[in-house]
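Okay, here's what each chain looks like letter by letter:
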Amino acid sequence: MDTLLLDGGRPLSGVVRISGAKNASLPILIATVVAPGEHRLRNVPELVDTSSMLSLLGRIGCASLLGETMRVDTSRVAFCEAPYDLVRKMRASVLALGPLLARCGEAHVSLPGGCAIGSRPIDQHLKGLEALGCRFELDGGYVHGRVDRLRGAEFAFDVVTVTGTENVLMAAVLADGTTVLDNAAAEPEVEDLARFLVGCGARIEGAGTSRIVVHGVPSLKASPVAHAVLPDRIEAGTYLVAGVISRGNIRCEDVRPADLAPVIEVLRAVGAEVEVGPDWVSAGADGRVRAVDIETAPHPGFPTDMQAQLMALLSLAKGTSRVTETIFENRFMHAAELVRLGAQIHIDGRAATIIGQPTLSGATVMATDLRASASLVLAGLAAEGRTEILRLYHLDRGYERLVEKLSAVGAAVERGQEGRPRFAAPAAVAG
Ligand code: EPU
C-alpha cells in the first residue's frame, strides 16, 4: 500500500494553484441527472472521490468523458440504484437519492453506515424528501424511495446538514410549487450547486443562506455554458497552514478569499502573516504561533474540515489551545497520531486541549480519514526528521496532485511503499 514520506523542517514558499472543490464537484456531478442532456463542467478535480461519482453515473447509465472540460451525458438514465460497493467507498453517493427520485420517481440507495468521523445518519435527507412527497422503506441495507409527484413544501432541518440540504434541493427544483428550506446549510458548496442548477433552468433564491426558496419548474436541461466548479476552500486552507507551520510563506492562487474568511481570521489570531488579494491569499510565519481557542461550526463558522489541520499547527504553538468540535462526535482520530509525533493533546468528549510544544519529531503515523491525513502531512512538514504516513489513499480522495504541489513549494516529499525498509545498511557492512 502507498505511504507518504516527508522530511520535515524546511520552510515552504511559493505559489500553489488551488483545484476545484471536491465537495462542490460531487453534488454537481450527480445533479446533472435532474437536467437531461450533455453537461460541460470545468475545474472538477481529479480525485478518487470524483472518479467514484463518475462510476456511479456510469452505473446508472450516464456516460462521461474526462478532460479539462468534463462532459457528462445524462440524456438517458437506465438504472436508479446507488449500490453498496460504491456507497461504502464514498458516503457522498447518498447524494444520488434526491436526483434519482426527481428524475425516475424511484431510487434505491445503499445505506452509508457510519464512518471514521462519526455515525453520520441520513434522517434529515429522508425527512426533507418526505416533506416533498417521497416515501421510504429500509430493507436489505438499502433505502428504497418512491414518489409519484414531487410537491413543494416548507421544511426546516433539525440540524444543519450540507449533503442533506443538497439532496432536498436537487429534488425540489422539479417539484410542483414552491419549497422553502429553513435551517439549510449555507456552505459555499451548496451555493455552487444552486448556481449550477440555475444554469440548467432552476429557480432558486437564497442559496448560501440558511433559507433557500425553490420555485419548482416542470423540467430542466443541460446548460450550453460550461459550469466552473468553485475553488476548494479546504485545500486552500490546508496549504495556508502549510506556509505557517513550516515557517515559510505560501500563496494560494485561484481562490475565493471570502470563502476562506473564518480560516484567515484564525490564522491572524495565532499571529500568522496573512495577505489577501482579489483571487489569492498568502500566509506565513517566521516563528512559533500563539495558542488560540476555536470551535467548529456550520458556515460561516470555522469549518470542521479544517479542524485537524489547525490542531497540527496548534501542537507547535506557544501556550495552551482548546479546540471544540461541534459538528462530528468522533473527529479527533488525528490527535493520537499527532501525539506520536510529539504533540501533547488531551481529549475530553468534544474538546481537545493542546499544550503547544517547541518541536515535533518525525515518526510513522496512520491516516484515518481525509482531513486527519492532511493534519499529519502538516505536522510532518514541521517535524524534525522523517515522517511516514500510512494509508495514503485517504489523501488521494481529496487533495489533487498533493506531492507535486508540495514539492513545488520546497517540501521533501515522496510516495513510498508500506513495509519497505527505510534505513540502508552502511556501505561497509552491505559490502
Ligand atoms: N446529520 C444528522 N442527520 C442527517 C445528516 C447529518 O444528524 O440526516 C448530522 C451529522 O451526523 C453531523 C452533522 O449533522 O453531525 C453535519 O453533517 P453534514 O450532513 O453536514 O455532513 P455531510 O453532508 O455528510 C459534508 C462534507 C463533509 C463535511 C461536512 C460538514 C461533502 C461530500 N461532505 O458532509 O466533508 O465535513 O459536510 O461540513 O460535502 C470532507 O471533505 O473531509 C468531509 C468529511
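A quick note: this is a predicted structure, and the numbers were derived from the prediction, not measured. (Residues numbered from 1 in each chain as written. Predicted model: local features only at pLDDT ≥ 70, side-chain atom pairs only at ≥ 80, totals over all residues. Heavy atoms only, no water.)

### Looking at the overall build of the chain
Now for step 1: Of regular secondary structure, the chain possesses 15 helices and 24 strands.
Now for step 2: Computed over the C-alpha atoms, the radius of gyration of the chain is 22 Å, within 12% of the 22 Å expected from 2.2 N^0.38 for a compact globule of 431 residues.
Now for step 3: C-alpha atoms of the chain, sized along the principal axes, occupy 75 × 50 × 40 Å.
Now for step 4: Counting over 431 residues, the chain shows a buried share of 58%.
Now for step 5: A sequence separation of at least 24 residues applies to 73% of the contacts in the chain between residues at least 6 apart.
Now for step 6: A total accessible area of about 17,100 Å² is found for the chain, and carbon and sulfur atoms account for 49% of it. (Helix = DSSP H or I, 4+ residues; strand = E, 2+ residues; numbered from the N terminus. Rg over C-alpha atoms; globule rule 2.2 N^0.38 Å. Buried < 20%, exposed > 50% of the residue type's maximum accessible area, 1.4 Å probe, protein only. Contact = heavy atoms within 4.5 Å. Areas by Shrake-Rupley, 256 points an atom, 1.4 Å probe, with all protein chains shown as cover.)

### A short note on helix 9 (residues 261-269)
Now for step 1: Every buried residue belonging to helix 9 is among Pro262, Val263, Ile264, Val266 and Leu267, and all of these are buried.
Now for step 2: Residues of helix 9 that are buried sit in contact with helix 8 (233-245), strand 16 (273-276), strand 17 (280-284), strand 18 (293-295) and helix 10 (307-314).
Now for step 3: Within two residues after helix 9, glycine 271 carries a phi angle of roughly 100 degrees, on the positive side.

### Quick look at the pattern of salt bridges
Now for step 1: As enumerated under the stated definition, the model contains 22 salt bridges in all.
Now for step 2: The shortest N-O distance in the salt bridge between aspartate 305 and arginine 331 comes to 2.8 Å. Of the two residues, aspartate 305 sits in the loop between strand 18 and helix 10 while arginine 331 sits in the loop between strand 19 (320-324) and helix 11 (333-340), which places them 26 residues apart along the sequence.
Now for step 3: Residue arginine 331 is classed as buried on the basis of its relative accessible area, which comes to 8%.
Now for step 4: Where salt bridges share partners, they join Arg17, Arg251, Glu253 and Asp254 into one cluster. (Salt bridge = Lys/Arg side-chain N within 4 Å of Asp/Glu carboxyl O.)

### Structural notes on the sheet that holds strand 4 (residues 63-65)
Now for step 1: Sheet architecture is open: four strands sit in the order 4-5-3-14, paired in mixed fashion. Edge positions in the open sheet fall to strand 4 and strand 14 (227-228), since each of these has one partner strand only.
Now for step 2: In this structure, strand 3 (residues 38-42) lies alongside strand 5 (residues 69-73), joined through five bridges in antiparallel fashion. Counterpart to arginine 40 in the pairing with strand 5 is arginine 71. (Pairing = 2+ DSSP bridges.)

### A look at the site of the ligand
Now for step 1: Around the ligand, the surrounding shell holds 22 residues, and the nearest of these are Gln124, Thr161, Thr163, Asp305 and Ile327.
Now for step 2: One of the side-chain nitrogen or oxygen atoms of arginine 120 is found 2.9 Å away from an oxygen atom of the ligand.
Now for step 3: Coverage of the ligand by the protein chains reaches 87% of its 820 Å² of free accessible surface.
Now for step 4: Of all the secondary structure elements, the ones that give two or more residues to the shell around the ligand are helix 1 (22-31), helix 5 (123-131), helix 6 (162-172) and helix 12 (370-382).
Now for step 5: At three residues, the largest contribution of residues to the shell around the ligand is made by helix 5.
Now for step 6: Of the residues contributing to the shell around the ligand, the split by class is 10 nonpolar, six polar and six charged. (Near = heavy atom within 4 Å. Polar contact = N/O pair within 3.5 Å; in protein donor to acceptor, adjacent residues only side chain to side chain. Nonpolar A, V, L, I, M, F, W, Y, C, P; charged D, E, K, R; others polar.)

### So, the domain arrangement of the chain
Now for step 1: Under the domain assignment used here, the chain contains domain 1 (2-19 + 231-417) and domain 2 (22-228).
Now for step 2: Domain 1 and domain 2 are separated by 30 Å when their C-alpha centres are compared.
Now for step 3: Taken together, the contact pairs 22 residues of domain 1 with 18 residues of domain 2.
Now for step 4: Between domain 1 and domain 2, the buried area comes to about 1,700 Å², and carbon and sulfur atoms account for 51% of it.
Now for step 5: Inspection of the domain 1/domain 2 interface yields two salt bridges.
Now for step 6: In this assembly, domain 1 and domain 2 are joined by six residue pairs in polar contact (both at pLDDT 80 or more).
Now for step 7: Contributions of two or more residues to the side of domain 1 that touches domain 2 are made by helix 12 and helix 13 (393-398). (Domains from an automatic or database assignment. Buried area = accessible area lost by both parts, 1.4 Å probe.)

### Considerations on the environment of glycine 177
Now for step 1: Structurally, glycine 177 is set in the loop between helix 6 and strand 11 (178-182).
Now for step 2: The partly exposed category is assigned to glycine 177, whose relative accessible area is 39%.
Now for step 3: Spatially, the C-alpha atoms of glycine 177 and valine 109 are 26 Å apart, while their sequence positions differ by 68 residues.
Now for step 4: Those residues in contact with glycine 177 that sit more than four places away from it in its chain are Gly152, Val214, His215 and Gly216.

### Some thoughts on the nonpolar core
Soluble globular proteins tend to pack their nonpolar side chains together in the buried interior.
Now for step 1: Counting residues in hydrophobic clusters, the biggest one holds 73 residues, and the most contacted among them are Leu197 and Ile204.
Now for step 2: Counting residues per element, this core draws most heavily on helix 1, at six residues.
Now for step 3: For leucine 197, the contacting residues outside a window of four places in its chain are Ala31, Val34, Leu169, Met170, Val173, Ala202 and Ile204.
Now for step 4: Leu12, Tyr239, Ala272 and Leu392 belong to the second largest nonpolar core, which has 70 residues in total. (Core = buried A, V, L, I, M, F, W, Y, C linked by side-chain atoms within 4.5 Å.)

### Comments concerning the layout of surface pockets
Now for step 1: Put simply, the second largest pocket is a space of about 390 Å³.
Now for step 2: If you go around the second largest pocket, you meet 18 residues; those closest to its centre are Asn43, Val44, Pro45, Glu68 and Glu400.
Now for step 3: When grouped by side-chain class, the residues that make up the lining of the second largest pocket number six nonpolar, four polar and eight charged.
Now for step 4: The residues that make up the lining of the second largest pocket include at least three from each of domain 1 (2-19 + 231-417) and domain 2 (22-228). (1 Å grid on protein atoms, 1.4 Å probe; cavity = no way out; pocket = protein on both sides within 12 Å on 5 of 7 lines; lining within 4 Å. Points joined across faces, edges and corners; volume = space filled by probe spheres on them.)

### A short note on the side chain of threonine 165
Now for step 1: In this structure, threonine 165 sits in helix 6.
Now for step 2: A residue is classified by how much of its surface remains accessible, and threonine 165, at 0% relative accessible area, is buried.
Now for step 3: Residues contacting threonine 165, with those up to four places away along its chain left out, are Phe157, Leu181, Ala184, Ala185, Val190 and Ile212.

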